[in-house]
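What follows is each chain in one-letter form.
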Amino acid sequence: MTKVAEKEAPAHIKHETLLELMRIMLLIRRFEEPCDKYYRAGKMGGYVHYYIGQEAIAAGLIPLMIPGDTMLASYRDHGHALALGTEPRKVMAELFGRATGAAGGKGGSMHIFDMARGFLGGYGIVGGSVPLSVGAAFALKYRGDKNICSTFFGDGAMQQGSVHEAMNMAGLYKVPCLFVLENNKYAMGTSVERHSSQTDFVKRVTNAYNIQGESVDGMDVLKVREVSERILKHMRETGEPYFLEALCYRYVGHGYADNAQQQKFYRTEEEIEAQRKRDPIDTFRHFLVSTGAATEKQIDDIDDDCKAIVADAIEFADNSPFPSPDSLYENVFTDM
Amino acid sequence: MAIMRYAEALRLAMTEEMERDPNVFVCGEEVAQYQGTFRVTEGMYQKFQKENHGLRVLDTPISEAGIVGLATGAAMSGLRPIAEFMTWSFALVAMDQIINHTAKIHYMSGGTCKVPVVLRGPAGAGNQLSAQHSQSLESWYAHIPGLKVVLPSTAADAKGLLKTAIRDDNPVIFMEHAGLYQQRGEVPEDPEFMIPFGVADIKRAGKDVTIISYSNQVRFCISAADKIAEETGIECEVIDLRTLIPLDMATVIRSVEKTHRAVVVHEEWKSVGFGAELASRIYEEAFDALDAPIERVGGPFVPMPYSKPLERAAIPHEEDIYAAIKRVIG
Ligand SMILES: Cc1ncc(C[n+]2csc(CCOP(=O)(O)OP(=O)(O)O)c2C)c(N)n1
Ligand SMILES: [Mg+2]
C-alpha cells in the first residue's frame with residue numbers, strides 16, 4: 001500500500017477520469033453489498049455471484065469501449081453491466097425477477113443483457129460465452145468495423161475444451177477478440193494449482209494459439225486502465241485478438257451457498273484477510289488522497305451518490321411488477 | 001432400516017461399493033476436498049485418501065467432456081468409475097463423449113468391450129436457477145440405445161438403484177434431483193440391498209386412475225392423489241417407474257387394465273417428453289382397456305424463466321396433476 005502511495009498522480013489521466021474510475025468501483029461495490037440481505041429475504045433467488053474485490057477490472061477496462069464495441073461475461077456479470085453504464089435500476093430489477101429488469105425477469109443475476117450498449121450477455125455455463133465472443137469479434141471483422149469484442153471469464157473456464165477451440169479460431173482468423181481472464185485464484189473451491197496443469201496462463205495461450213498476451217494486476221485500477229488503453233489501441237489498429245490475464249482475488253464466497261464454513265475447505269481466513277489489504281477500492285482511495293488527486297470528502301461524496309443510486313434501484317425493483325403470467329410464453333421465438 | 005436423507009443414501013451406496021470393489025472410484029468437480037457441492041460425497045475423500053495414490057475420490061477441473069472421457073476410458077480398461085456432474089446441465093458440454101462414445105462402444109465393438117460407468121448428479125428444475133441451470137433432459141438419454149436411465153424418487157430407491165448401477169456392466173445415466181437431496185426416508189442397511197432395473201414401484205395403490213411418474217414429481221402425484229381421495233373417494237394408483245431404460249411396461253399395463261384411466265406426469269417439457277412415449281406405449285398395448293384419453297402433465301414449452309411466479313408456472317405442481325386427474329375421470 002505505501003508503495004502505491006509514493007507514486008505521483010498520473011499526469012496523462014484526467015482528474016475527472018480518476019474520479020470516474022472510483023465512482024464505477026464504488027457503484028459496483030455498493031450495488032452488491034445489500035444483495036445478500038434481499039437474497040435472504042427471498043427477494044432474489046437462483047445463483048448470485050458477487051464481483052466484490054474484482055471491481056478494478058471492469059472499471060479499468062470497460063469504460064474504454066467505444067460505440068460499436070461488444071462485450072460478453074460469465075454469470076459473475078453485475079459489475080460488467082454497471083461499468084458499461086447499464087442502469088442500476090434495470091440490473092437490480094432483474095435480480096428481483098421483475099418485469100422492469102434488463103431481461104424482463106427472464107434471465108436473473110447470471111444473465112444480464114444490455115444489447116443497446118453492446119453487452120451480449122452474461123452466461124451460466126463455465127466457458128460457454130467464450131466461443132460466442134469469437135463469433136461476435138468475427139462479425140466485427142467481417143463488416144470491416146474498427147471495433148473490438150471483450151470477453152470476461154474465470155480461471156476455471158480455462159479448462160473447458162470449447163474455450164480452447166475458440167481461442168484457436170481467434171488466432172487463426174485474427175479476429176479482434178480481447179480475452180480477459182479474471183484469475184481470482186479459485187474455481188469455486190478449487191485453486192488454480194489444483195485445476196490447471198500449467199498455471200502460467202499467458203504462456204499457455206500465447207504459445208498455443210499465436211495470440212499476444214500479458215498479465216496485469218487486476219486489483220490496481222490504474223494499471224488495468226493503462227494496459228487496456230494500450231491493448232485496445234493495438235487491437236483497433238491491427239484487428240488482432242489479445243489475451244489479458246487480470247490477477248485478482250474473490251474474497252467473498254463463490255456464491256450464496258459457499259459460506260464461511262464451506263470456504264474453510266479450500267482457503268484460510270488469513271489468506272482472505274491478507275488479500276483484503278489489497279482491496280482495489282481502499283488502495284485507490286489511499287492513492288487518490290495521498291497524491292492529492294482527490295480529498296477524502298470528494299470520495300465520500302461519490303460514495304454517498306453511489307449509495308443513493310443503489311437505494312433508488314432497490315426501491316424501484318421492489319416496487320416493480322412481476323412479469324405477467326402471459327409473458328411466460330413470450331420470447332421463445334421472435335415475432336416474424 | 002435406518003432413517004437417512006436421499007443424499008446420504010447415495011453416499012452410503014458409493015461407499016459400500018468402493019469398500020467392496022477396489023475398482024470403483026469417484027471423480028468430478030468439487031467431489032473431494034470441498035466435500036461435494038451438494039454434500040453427496042462428504043467425507044469420502046478422507047476415507048479413501050490413502051488408496052490408489054489418492055485417486056479414488058478425485059477432484060477434476062471444470063472439464064466435463066474430459067471427465068466423461070476419463071471415466072469411459074477407465075471403464076473400458078477394467079475400472080468401475082462413478083463420474084459426478086455438478087449438475088446434469090453441465091453434461092451438455094460432454095454430449096459427444098456420452099452419446100457418440102460411452103453409449104455406443106459396446107455395440108460398435110461387437111460386444112467385445114464393456115463400459116461399466118455411472119454418470120450421476122442432480123438434474124431437474126427449481127430454485128430460480130433459470131434457463132441454463134434448470135431443466136430436465138432425461139428423455140434425451142432415454143432416446144439413445146446403449147444407455148440405462150435411472151431416476152430415483154426416495155432415499156431407499158436412491159441407495160438400491162445406485163448400487164445396481166455401479167455393479168451394472170453398462171453405462172448408466174443416474175439422475176438425482178436436487179429437490180430430493182434433503183428428503184428423509186427409511187433405507188435398508190443390508191450392504192446387499194439392491195433394486196433391480198426395469199422394476200417399477202407402486203408408491204400408492206389405487207383402483208380408479210393410474211398415475212405414472214418418476215423422480216421429484218412422484219411426491220406431487222401422491223399428494224394430488226391423497227387430495228382427490230379425500231375429496232371424492234377416487235383412488236389413484238401412483239407408479240414410480242424408477243428406471244426409464246429399461247422400462248417396466250408390464251406394471252403400467254397391469255394397472256391401466258385395472259383402472260382404465262391413465263395420467264403421465266413428469267417435470268421435463270411435455271412436448272416430445274418421455275410421457276409421449278409412455279402414452280403411446282399404453283395406446284399400443286392397452287387401447288381397449290382405456291375409458292378416457294390419457295392425460296399428460298409436463299413443463300410448458302419454454303426455457304426456464306428466472307422470475308419466481310413465472311418459474312412456478314413452468315414446473316408442474318400438485319395442482320396441475322390434480323387438474324389432470326379431474327379431467328381423466330371426466
Ligand atoms: C460447464 C460447467 N460446469 C460446471 C459449472 C458449475 N460452476 C459454476 S461457476 C464454477 C466455477 C468457475 O470458476 P471460474 O471459471 O474460475 O470463475 P469464477 O467463478 O472464479 O469467476 C463452476 C464449477 C458450470 N456453471 N458450468
Ligand atoms: Mg475463478
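Residues numbered from 1 in each chain as written. Chains lettered and ligands numbered in written order. Predicted model: local features only at pLDDT ≥ 70, side-chain atom pairs only at ≥ 80, totals over all residues. Heavy atoms only, no water.

**Q** Help me get a handle on the overall build of chain A, residues and values and all.
**A** For chain A, the helix and strand inventory stands at 15 helices and eight strands. Its C-alpha atoms give chain A a radius of gyration of 19 Å, within 12% of the compact-globule value 20 Å for 336 residues. Considered along the principal axes of its C-alpha atoms, chain A spans approximately 55 × 50 × 45 Å. Looking at chain A as a whole, 58% of its 336 residues are labelled buried. Sequence-distant contacts, at least 24 apart, represent 75% of the contacts inside chain A between residues at least 6 apart. Accessible surface, chain A: about 14000 Å² in total, of which carbon and sulfur atoms supply 54%. (Helix = DSSP H or I, 4+ residues; strand = E, 2+ residues; numbered from the N terminus. Rg over C-alpha atoms; globule rule 2.2 N^0.38 Å. Buried < 20%, exposed > 50% of the residue type's maximum accessible area, 1.4 Å probe, protein only. Contact = heavy atoms within 4.5 Å. Areas by Shrake-Rupley, 256 points an atom, 1.4 Å probe, with all protein chains shown as cover.)

**Q** Can you break down the domain arrangement of chain B residue by residue, with the values?
**A** All names here are of chain B. Considered domain by domain, chain B is made up of domain 1 (2–187) and domain 2 (201–329). Each of domain 1 and domain 2 has a C-alpha centre, and the two are 27 Å apart. Facing the 29 residues of domain 1 at the interface are 27 residues of domain 2. Where domain 1 abuts domain 2, roughly 2200 Å² becomes buried across the two surfaces, and 55% of that area is made up of carbon and sulfur atoms. At the surface where domain 1 touches domain 2, the tally comes to two salt bridges. Residue Lys 203 pairs with Asp 157 through a salt bridge whose shortest N-O separation is 2.7 Å. (Domains from an automatic or database assignment. Buried area = accessible area lost by both parts, 1.4 Å probe. Salt bridge = Lys/Arg side-chain N within 4 Å of Asp/Glu carboxyl O.)

**Q** Give me the pattern of salt bridges: which residues, what numbers.
**A** Residues and elements named next belong to chain A. Taken as a whole and assessed by the stated rule, the structure comprises 52 salt bridges over all chains. A salt bridge links Glu 214 to Arg 230, with the nearest nitrogen and oxygen atoms 3.0 Å apart. Linking Glu 214 in strand S7 (residues 212–217) with Arg 230 in helix H11 (residues 221–238), this pair joins segments that are 16 residues apart in sequence. Among the residues examined, Glu 214 registers a relative accessible area of 16% and is labelled buried.

**Q** Could you give an account of the interface of chain A and chain B, with specific residues and numbers?
**A** Chain A puts 40 residues into the contact, and the matching count from chain B is 35 residues. Viewed at the interface, chain B and chain A are joined by one salt bridge. Among the ionic pairs, Asp 59 of chain B bridges to Arg 194 of chain A, the shortest N-O distance being 2.5 Å. Elements with a minimum of two residues in the side of chain A that touches chain B: helix H6 (88–95) and helix H9 (192–195) of chain A.

**Q** Before we move on, could you go through the sheet that holds strand S7 (residues 172–177) of chain B and cite the residues and values that matter?
**A** All names here are of chain B. Taken together, seven strands build an open sheet; the order of strands is S3-S2-S4-S5-S7-S6-S12 and the sheet is mixed. Bordering the open sheet on either side are strand S3 (57–59) and strand S12 (243–245), each of which pairs with just one other strand. Going from strand to strand, the sheet's axes swing by 20 degrees on average, the running direction of each strand aside. Sheet topology note: the strand S6 (residues 148–150)/S7 ladder contains three bridges and is parallel. Residue pairing for S7: Val 150 is matched across the bridge by Phe 174. (Pairing = 2+ DSSP bridges. Axes fitted to C-alpha atoms, helices over the stretch in contact; angles between N-to-C directions.)

**Q** Explain the side chain of Glu 84 of chain B to me, using residue names and the numbers behind them.
**A** By the secondary structure assignment, Glu 84 of chain B is in strand S4 (residues 80–84). In this structure the side chain of Glu 84 of chain B is engaged in a polar contact, spanning 2.8 Å, whose partner is the side chain of Arg 120 of chain B. (Polar contact = N/O pair within 3.5 Å; in protein donor to acceptor, adjacent residues only side chain to side chain.)

**Q** Would you mind going over the packing of helix H14 (residues 280–290) of chain A against helix H15 (residues 296–319) of chain A in detail, with residue names and values included?
**A** All names here are of chain A. Two elements in contact, H14 and H15, have axes whose closest approach is 9 Å; the angle formed by their N-to-C orientations is 140 degrees. Classed by the angle they form, the pair H14 and H15 counts as oblique. On the side of H14, the interface is formed by Arg 285, Leu 288 and Val 289, while H15 contributes Glu 296, Ile 299, Asp 300 and Asp 303. Here the contact of H14 with H15 is built from residues that sort into three nonpolar, no polar and four charged. (Parallel < 35°, antiparallel > 145°, perpendicular 65-115°, else oblique. Nonpolar A, V, L, I, M, F, W, Y, C, P; charged D, E, K, R; others polar.)

**Q** Pulling in residues and values, what's your account of the site of ligand 1?
**A** As a structural note, the neighbourhood of ligand 1 is formed by 21 residues, with Tyr 75, Arg 76, Gly 124 and Gly 156 of chain A together with Glu 64 of chain B the closest of them. One finds residues of chains A and B in close proximity to ligand 1. Contacts to ligand 1 include Arg 76 of chain A, whose side-chain N or O atom sits 2.8 Å from an oxygen atom. Taking 580 Å² as the accessible area of ligand 1 by itself, protein coverage stands at 96%. Each residue belonging to the shell around ligand 1 can be placed in one class, and the counts come to 10 nonpolar, seven polar and four charged. (Near = heavy atom within 4 Å.)

**Q** Residues and numbers for helix H2 (residues 15–32) of chain A, please.
**A** In this model, H2 of chain A (18 residues) spans 26 Å end to end at C-alpha, consistent with the 26 Å of a helix rising 1.5 Å per residue. Counting buried residues along H2 of chain A, 14 of its 18 residues qualify, which places the element largely inside the surrounding structure. (Expected span 1.5 Å × (residues − 1).)

**Q** Describe the coordination of the magnesium ion (ligand 2), with residues and values.
**A** All names here are of chain A. For the magnesium ion (ligand 2), the full set of protein donor atoms is Asp 155 (OD), Asn 184 (OD1) and Tyr 186 (O), and the range of their distances to it is 2.1 to 2.2 Å. Here the donor residues of the magnesium ion (ligand 2) are spaced in sequence according to D-x28-N-x1-Y. Here Asp 155, found in the loop between strand S3 (149–154) and helix H8 (161–173), pairs with Tyr 186, found in strand S5 (residues 186–187); they are 31 residues apart in sequence, far enough to count as distant. Take Asp 155 and Tyr 186: they sit in the same class, and that class is buried. (Donors = N, O, S within 2.8 Å, 3.2 Å for Na, K, Ca; no water.)

**Q** Tell me about the sheet that holds S3 of chain A, and name the residues and values.
**A** All names here are of chain A. With parallel pairing, the six strands of this open sheet are ordered in space as S2-S1-S3-S4-S8-S7. Sheet topology places strand S2 (119–123) and S7 at the edges, where each strand pairs with a single neighbour. Across the sheet, the mean angle from the axis of one strand to that of its neighbour is 15 degrees, orientation sign disregarded. By the bridge criterion, six bridges tie S7 to strand S8 (residues 242–247) in an arrangement that is parallel. Within the sheet, the bridge partner assigned to Glu 214 lies in S8 and is Leu 244.

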